[in-house]
Amino acid sequence: MPLRLDARDADFATAFDALVNARRESDSDVADTVRGIIQRIRADGDTALADFTQRFDRHDLDTTGWQVTQAERNAALAGLEPELRAALELAADRIATYHEKQRPQDSDTTDSAGVRLGARWGAVDAAGLYVPGGNAAYPSSVLMNAIPAKVAGVGRIAMVTPTPDGVVNPLVLAAAEIAGVAEIWRVGGAQAIAALAYGTGRLAPVDVIVGPGNAWVAEAKRQLYGVVGIDMVAGPSEIVVVADGLNDPQWTAADLLSQAEHDPTSQSILITDDAAFADAVAAAVEAQLDVLATGARARLSWQDFGAIIVVADLMDSLPLVDRLAPEHLEIATADPEPIFRKVRHAGSVFLGRMTPEAVGDYVAGPNHVLPTGRRARFSSGLSVLDFMKRTSFLSLDEAAIAAIGPAAVALARAEGLPAHAESVARRLRLNQ
């Protein structure tokens, strides 16, 4: 059974602290294994990548092919059922439209001292996209990662995906074709992340790596941050549903299970002000688990990490939500705005009874690659900005340096940096 808490109980604070601080991510043995994989890829390049692929995915890259061909991508797209192709194209269009509004504007102004200053935005040269290939195929992840890179103007996008026995899911290939990804490698795991970071000979290195993966992939991204740009270190999926008793318990149960089915370490939490509704949701979850195809995985998640919290008033959920800083937050009320206005920490928020989190995973438009493990306290979901960088610039003439230069000289001398001071002072002497 999931954890059951009541905010009015005397020991609630202690129990809730334990829930917030419970660890669901990789252990040190994962870190040590990943470190060895990275070292081997860096030292032996293609040879190491081929060896790891043979060991973990059971195929020889020289036989199956290191990259997916254009013919394979074309065949995957042509083989889609019309309804599924239309769904992917709708999702791609909506994701592109949403992310195009994220493109930052350059700035170029001259201030009152006569100093010209501003910033210019530009895309990175190359981005690496990791697409999971474990428990399920995720064409939606292809779209969510590739389209913001395209909108940003990235010139080269290299996609890597695990291919057990050398086979790539055709849905993934079709999504890549729709998103315009032309470089797809049959490699996955921590070794693929290391290959993207350092290059291997055949696979050229990239500047930024994005995309979700398992504990080994997440750990590789953590260890390689700084060698390349990393979108985030994503952990197990999570959802918090804040709901009153007027919701349909079956709907709420399905929303909770939509994240529980990802992985046994996923987390689903219900916060409600109605104890009877909490009981009804718990019963609905059990009933749905019995018939869910992914029920075994989801049951482990719900039993080990799920929670139901009863509060006196739904507004009392706010400090709990902010402590949890969830990846996904549903506010399932007739008027979600009063709660939404005060939420400070959440990866993505779904407002109202008719807005299930699952619609955001596919066709709504905002990105579904989001911070987990309470990281929404300080980070955001994947965006166009993850593929861009800002270069500042400034320009001074004699009048401008005369206006602000003396202050720079004073500060440089105070910091004990005489060359800094002299660099400015020599130019000021032209005006004397």
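Preceding this paragraph is the structure being described.
Calculation rules
Residues numbered from 1 in each chain as written. Predicted model: local features only at pLDDT ≥ 70, side-chain atom pairs only at ≥ 80, totals over all residues. Heavy atoms only, no water. Core = buried A, V, L, I, M, F, W, Y, C linked by side-chain atoms within 4.5 Å. Buried < 20%, exposed > 50% of the residue type's maximum accessible area, 1.4 Å probe, protein only. Helix = DSSP H or I, 4+ residues; strand = E, 2+ residues; numbered from the N terminus. Polar contact = N/O pair within 3.5 Å; in protein donor to acceptor, adjacent residues only side chain to side chain. Contact = heavy atoms within 4.5 Å. Axes fitted to C-alpha atoms, helices over the stretch in contact; angles between N-to-C directions. Parallel < 35°, antiparallel > 145°, perpendicular 65-115°, else oblique. Left-handed = near helix turned anticlockwise from the far one by under 90°. Nonpolar A, V, L, I, M, F, W, Y, C, P; charged D, E, K, R; others polar. Salt bridge = Lys/Arg side-chain N within 4 Å of Asp/Glu carboxyl O. Pairing = 2+ DSSP bridges. Phe/Tyr/Trp six-rings, centres within 6.5 Å; stacked < 30°, edge-to-face > 60°. Expected span 1.5 Å × (residues − 1). Arc of directions from axis to C-beta.

Undergrad: So what exactly am I meant to see when it comes to the nonpolar core here?
TA: Nonpolar side chains tend toward joint burial in soluble globular proteins. Formed by 42 residues in total, the largest nonpolar core has its most connected members in Leu143, Ile147, Val154, Met159, Val181 and Phe387. Broken down by element, this core gets its largest block of residues, eight residues, from helix 6 (residues 139-152). In this structure, Ile37, Ala50, Leu61 and Leu224 belong to the second largest nonpolar core, which totals 32 residues.

Undergrad: Is there a simple way to explain the side chain of aspartate 244 in this structure?
TA: In this structure, aspartate 244 sits in the loop between strand 9 (238-243) and helix 10 (249-260). Note on aspartate 244: relative accessible area 13%, which makes it buried. Polar side-chain contacts of aspartate 244 include one of 3.1 Å to the backbone nitrogen of leucine 246. Apart from residues no more than four positions distant in its own chain, aspartate 244 is found in contact with Thr272, Asp273, Phe277, Leu314, Ala332, Thr333, Ala334 and Arg353.

Undergrad: Would you take a moment to explain the packing of helix 10 against helix 11 (residues 275-291) for this structure?
TA: The description of two helices packed together rests on the angle between their axes and the distance between the axes. Look at helix 10 against helix 11: their axes get within 8 Å of each other, and the N-to-C directions meet at 60°. Taken as axis vectors, helix 10 and helix 11 run oblique relative to one another. By crossing handedness, the relation of helix 10 to helix 11 is classed as right-handed. Contacts between helix 10 and helix 11 involve Pro249, Gln250, Thr252, Ala253, Ala254, Leu256 and Leu257 on the former and, on the latter, Phe277, Ala280, Val281, Ala284, Val285, Gln288 and Leu289. Residue composition of the contact of helix 10 with helix 11, by class: 11 nonpolar, three polar and no charged.

Undergrad: Any chance you could explain the pattern of salt bridges here in plain terms?
TA: It is possible for side chains bearing opposite charge to pair when their charged atoms get close. A full pass over the atoms with the stated rule returns 20 salt bridges. Linking aspartate 165 and arginine 58 is a salt bridge whose minimum nitrogen-to-oxygen distance equals 3.1 Å. Taken together, the positions of aspartate 165 in the loop between strand 5 (156-160) and helix 7 (170-179) and arginine 58 in the loop between helix 2 (28-57) and helix 3 (61-64) put the pair 107 residues apart, joining distant regions of the chain. Its relative accessible area of 45% is what places aspartate 165 among the partly exposed residues. Accessibility expressed as a relative area gives 47% for arginine 58, which makes it partly exposed.

Undergrad: How should unusual backbone geometry be read in this particular structure?
TA: Where the residue is not glycine, phi is negative for most of them; where a peptide bond is considered, it is trans in most cases. We note that arginine 58 has phi near 65°; this positive angle belongs to a residue other than glycine. One non-glycine residue, aspartate 165, lies in positive phi territory at about 60°.

Undergrad: Sorry, what's going on with the sheet that holds strand 2 (residues 107-110) here?
TA: The strands making up a sheet associate through backbone hydrogen bonding, with each pair oriented either parallel or antiparallel. Strand order in this open sheet of three strands is 2-3-14, and the pairing throughout is antiparallel. Where the open sheet ends on each side, the last strands, each with one partner, are strand 2 and strand 14 (388-395). Here the average twist between neighbouring strands, direction ignored, is 15°. Alignment of strand 2 against strand 3 (residues 116-123), held across four bridges, turns out to be antiparallel. Each residue of the ladder has a partner; that of aspartate 108, found in strand 3, is glycine 118.

Undergrad: Got a minute to help me understand the packing of helix 16 (residues 398-414) against helix 17 (residues 418-428) in this structure?
TA: One can describe the packing of helix 16 onto helix 17 by two numbers: an axis separation of 8 Å at closest approach and a directional angle of 155°. Comparing the axis directions of helix 16 and helix 17 gives the class roughly antiparallel. When the axes of helix 16 and helix 17 are compared, the crossing they make is left-handed. Contacts between helix 16 and helix 17 involve Ile401, Ala402, Gly405, Pro406, Ala408, Val409, Ala412 and Arg413 from the first element and His420, Ala421, Val424, Ala425, Arg427 and Leu428 from the second. Split into classes, the residues belonging to the contact of helix 16 with helix 17 amount to 10 nonpolar, two polar and two charged.

Undergrad: What is the right way to look at helix 8 (residues 189-198) in this model?
TA: Along an α-helix, residues three or four apart share an orientation, since each turn contains 3.6 residues. Burial runs high along helix 8: nine of the 10 residues are buried. Where helix 8 is concerned, the buried positions are Gly189, Ala190, Gln191, Ala192, Ile193, Ala194, Ala195, Leu196 and Ala197. Positive phi appears at glycine 199, one or two residues downstream of helix 8, with a value of about 80°.

Undergrad: Just checking my understanding: could you explain the pairing of strand 11 (residues 307-310) for this structure?
TA: Along any regular strand, the residues point their side chains to alternate faces of the sheet. Both faces of strand 11 are covered, namely the face carrying Ala307 and Ile309 and the face carrying Ile308 and Val310. Note: strand 1 (residues 3-6) against strand 11, four bridges, orientation parallel. Counted as the bridge partner of arginine 4 is isoleucine 308 from strand 11. By the bridge criterion, four bridges tie strand 10 (residues 267-272) to strand 11 in an arrangement that is parallel. The residue bridging threonine 272 from the neighbouring strand is valine 310, located in strand 11.

Undergrad: Even after reading the chapter, I still don't get the packing of aromatic side chains, so can you show me in this structure?
TA: By convention here, two paired aromatic rings are described through the distance between centres and the angle between planes. Here the structure, examined in full by the defined rule, presents two aromatic pairs. Plain terms: the ring middles of phenylalanine 12 and phenylalanine 16 are 5.6 Å apart, the flat faces sit at 20° to each other, and that makes the pair stacked. With phenylalanine 12 and phenylalanine 16 both in helix 1 (residues 12-21) and four residues apart, this pair spans about one turn of that helix. Judged by relative accessible area, phenylalanine 12 falls into the buried class, the value being 10%.

Undergrad: Would you mind going over helix 5 (residues 82-100) with me for this structure?
TA: In this model helix 5 runs 27 Å from its N-terminal to its C-terminal C-alpha over 19 residues, within 8% of the 27 Å that 1.5 Å per residue would give. Residues of helix 5 that are buried: Leu88, Ala91, Ala92, Ile95, Ala96 and His99. Across the axial projection of helix 5, the buried residues extend over an arc of 130°, all falling on one side. Of the exposed residues in helix 5, those oriented more than 90 degrees away from the buried face are Pro82, Glu83 and Asp93.

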